[in-house]
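Survey of secondary and tertiary structure
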Amino acid sequence: MRIKYIIIPIAALFLFGNVSAQRVNQTPIQHKIDYMVKRMTLEEKINMLHGNALFSSGGVKRLGIPELTCDDGPLGVREEIKRFDWNSANWTTDSATFLPNGSAIAATWNPALANKYGVVIGEEANARKKDIMLAPAFNICRMPLCGRTYEYYSEDPFLNSQLAIQSVKGIQSQHVAACIKHFAANNQELNRDSVNTIVDERALREIYFPAFKAAVQQGNAYTVMSAYNKVNGYWCSENDFLLNKVLKNEWGFKGAVMSDWSGVHHTVAAANNGLDIEMGSSGPYDKWYFAKPLLEAVKSGQVSVKTIDDKVRRILWLIYHTSMSSNHPKGSIATPAHAKAAYDIASESIVLLKNDAHLLPLKVNNIKSIAVIGDNAVRTFALGGYGAGVKAQHEITALEGIKSKFGKTASVTFAQGYKAKYLANNTDAQNSGYDQPDQTLIDQAVALAKTTDVAILCIGSNREYESEGHDRKNLELPFGEQALVNAVTAANPNTIIVIMAGAPYDLNEIKKSNHTIVWSWFNGSEAGNALADVLKGVVNPSGRLPFTFPVSLNDSPASALNTYPGKDLTAEYKEGILVGYRWYDTKKIDPLYCFGYGLSYTNFTYTDLTTNKKTYKPDDKITVSLKVKNTGSVAGKEVVQLYISKLNSLVLRPEKELKAFKKIMILPAKTAAISVNIDIKDLAYFDSKLSKWTIEPGQYQLMAASSSKDIRQTATFNIK
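Residues numbered from 1 in each chain as written. Predicted model: local features only at pLDDT ≥ 70, side-chain atom pairs only at ≥ 80, totals over all residues. Heavy atoms only, no water.

**Here's the deal with the sheet that holds strand E4 (residues 132-133)**
Strand-to-strand pairing in sheets goes through backbone hydrogen bonds, with the strands running parallel or antiparallel. Spatially, the seven strands line up as an open sheet ordered E1-E2-E3-E4-E5-E7-E10, and their pairing is mixed. Taken across any chain shown, the strands that pair with only one partner, and hence form the sheet edges, are strand E1 (51-53) and strand E10 (256-259). As defined by bridge partners, E4 adjoins strand E5 (residues 177-183) across two bridges and the pair is classed as parallel. Its bridge partner being in E5, isoleucine 132 is matched across the sheet by alanine 177. (Pairing = 2+ DSSP bridges. Helix = DSSP H or I, 4+ residues; strand = E, 2+ residues; numbered from the N terminus.)

**Overview of the side chain of lysine 354**
Relative to the elements of secondary structure, lysine 354 occurs in strand E11 (residues 351-355). With a relative accessible area of 13%, lysine 354 lands in the buried category. Engagement of the side chain of lysine 354 in a polar contact is seen with the backbone oxygen of asparagine 514, the distance being 3.0 Å. Setting aside chain neighbours within four positions, we find lysine 354 in contact with Lys511, Lys512, Asn514, His515, Thr516, Ile517 and Leu599. (Buried < 20%, exposed > 50% of the residue type's maximum accessible area, 1.4 Å probe, protein only. Polar contact = N/O pair within 3.5 Å; in protein donor to acceptor, adjacent residues only side chain to side chain. Contact = heavy atoms within 4.5 Å.)

**Remarks on the environment of alanine 705**
Topologically, alanine 705 is positioned in strand E26 (residues 698-705). Classification of alanine 705 by relative accessible area gives buried; the value is 0%. In this view, alanine 705 contacts Tyr606, Val639, Val640, Gln641, Tyr643, Asp710, Ile711 and Arg712; residues no more than four positions away in its chain are not counted.

**Overview of the packing of helix H6 (residues 111-127) against helix H7 (residues 157-172)**
As a packed pair, H6 and H7 sit with axes 6 Å apart at the nearest point and diverge in direction by 30°. In terms of their interaxial angle, H6 and H7 are classed as roughly parallel. The two elements H6 and H7 meet at a crossing, and its hand is right-handed. Residues Pro111, Ala114, Asn115, Tyr117, Gly118, Val119, Ile121 and Gly122 of H6 form the contact with H7, whose participating residues are Gln162, Leu163, Gln166, Ser167, Lys169, Gly170 and Ile171. (Axes fitted to C-alpha atoms, helices over the stretch in contact; angles between N-to-C directions. Parallel < 35°, antiparallel > 145°, perpendicular 65-115°, else oblique. Left-handed = near helix turned anticlockwise from the far one by under 90°.)

**Points about the pairing of strand E21 (residues 636-646)**
Burial of E21 is extensive: ten of the eleven residues sit out of reach of the surface. In this structure, E21 lies alongside strand E22 (residues 657-666), joined through nine bridges in antiparallel fashion. By the bridge assignment for E22, valine 640 is matched with lysine 662. Pairing between E21 and E26: six bridges, direction antiparallel. Across the sheet, the residue bridging to leucine 642 is alanine 704, located in E26.

Printed below as a string of structure tokens:
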């Protein structure tokens, strides 16, 4: 299929242009695009601008231009569905690698692993003949209840940017387009297709835009998906400020903007204000906004042919970088190498929240019996809820992983502990009672826990409870899990709490009453093996939280300011730039667990923090140097986080902002010398009155930290 798409356009060039094959091979992409556009009818051009099936948009068969094929998404290439409905195509060759969820990738704080994720996505997309992968998704985690927090990265624009750049580069290294989403300010699922988010320009520029800008300018993302919501009164799919002024003109985006599915509302406004491809609308394809209605709009002069040509050029540019690219990789799917990549990400994502009794890593020689308790110990997470999933070629559960790693030296037994009675597509009435404990299952779990040396209690959420299309109503652990935790903890003093979820929860009681807490995620095909290796000490945990866990929902900015879910379908982002730890630090609110937090089986000390100069000019780079020593007896990876604060600022600034980080492996008793560069221009704030970035002169504080609250070393410098 790929070969014919290369041969036919060459044949077309011979037919229409009498151009030699040697000339064709050397023709820049732009010349090929010009050639094609000149030979297309208006009807053929319009046909390229809208879907012709659920996951494809039209080509021009006469000229050998293929249709564009795309697929979800962030967790891996979804199973093949029928061309015109959402039912499975019942293929036997579409089992794929289930990759850890977005917040798990963010918890690695390792851009190299984001790149590895992207390469796997790209290779598996090629094996399935997909030109565009609808990934990565990295909307800012503005508030903890959002149903897609598990899919996104973090609450911090810099961390999001570094991960987005690398995941895009990884996907596109395989000649597959990354579709970065959802642009922009798409931070809640409740009323997502109707809410008008009111966001000031400074917050957009400093918080919600940076990862998109980085993915476009440094990652060279080929496609962007517009969000469902409105931003400042205009639908994102027809928002001139977002799509034309910022994305295409300011950032120089060369590729195509596609709508989210059924996210288009008007023909002329969408066409003139930056949308290029309409996807997912209902009804006959020729009646879509970008089909016959767009043709009529061009003929009546409401949309110019020049505008249509620009869209076609962008799509052709995309095609020449994907399906019609030279040396197009063949691809591969569900390989051992891909499973290893999933394992690597999962093993670096797991966060050790508490280890007060030093129960971890488990000492195998002393343990003869292990009780594994909880529905999440046997549950898989590749599928579930509303939205994209993966038909996983395999998925190792927690129980399977623990049996594999500990079963030779200890008896491993299981009790369910709770029922996860919740379905995303059910009504509240149908899901009634999901939060009630099951006393019979608790009694069985307690009876088992009393007989074993260690109890590993696997609780948390699942893909039904955290799902696209709806938000959680509160932060409470579901399914009556707290009652189970209390009972098992009382029965066995050596209880390890393992929480599998993609977003913050209320862990107040667990933090207070339990000595050993591990946070895992929806962690992909190798989740159980990665978890077991962390528990055993084969892997020293190095995950760090990508978002703040509040003590109470009322502490989070959107709830504190009563701006979620919004009034009259309007959500005003009154907190402005104070999102995530910026809010908690600036407002002096102590979180339950802070941004960047995570423990290790070893300890690290920081010394000798210095900057290469004491005073900088706006065009300078700061070279930050420090030493980090592993003072323990095992090797471990430390995430060095560098925050910067403007002292005595004349404008509102967060107390501190993450401006660099580095993850590094350090052997026991060894010291690592770390050097990181920070551009002075990255310390600017956006002046809304002047509509420009401004570097405030004066004194700044640099903080080397192990988390946003654990500042190890400080230094000051000045900007002239």
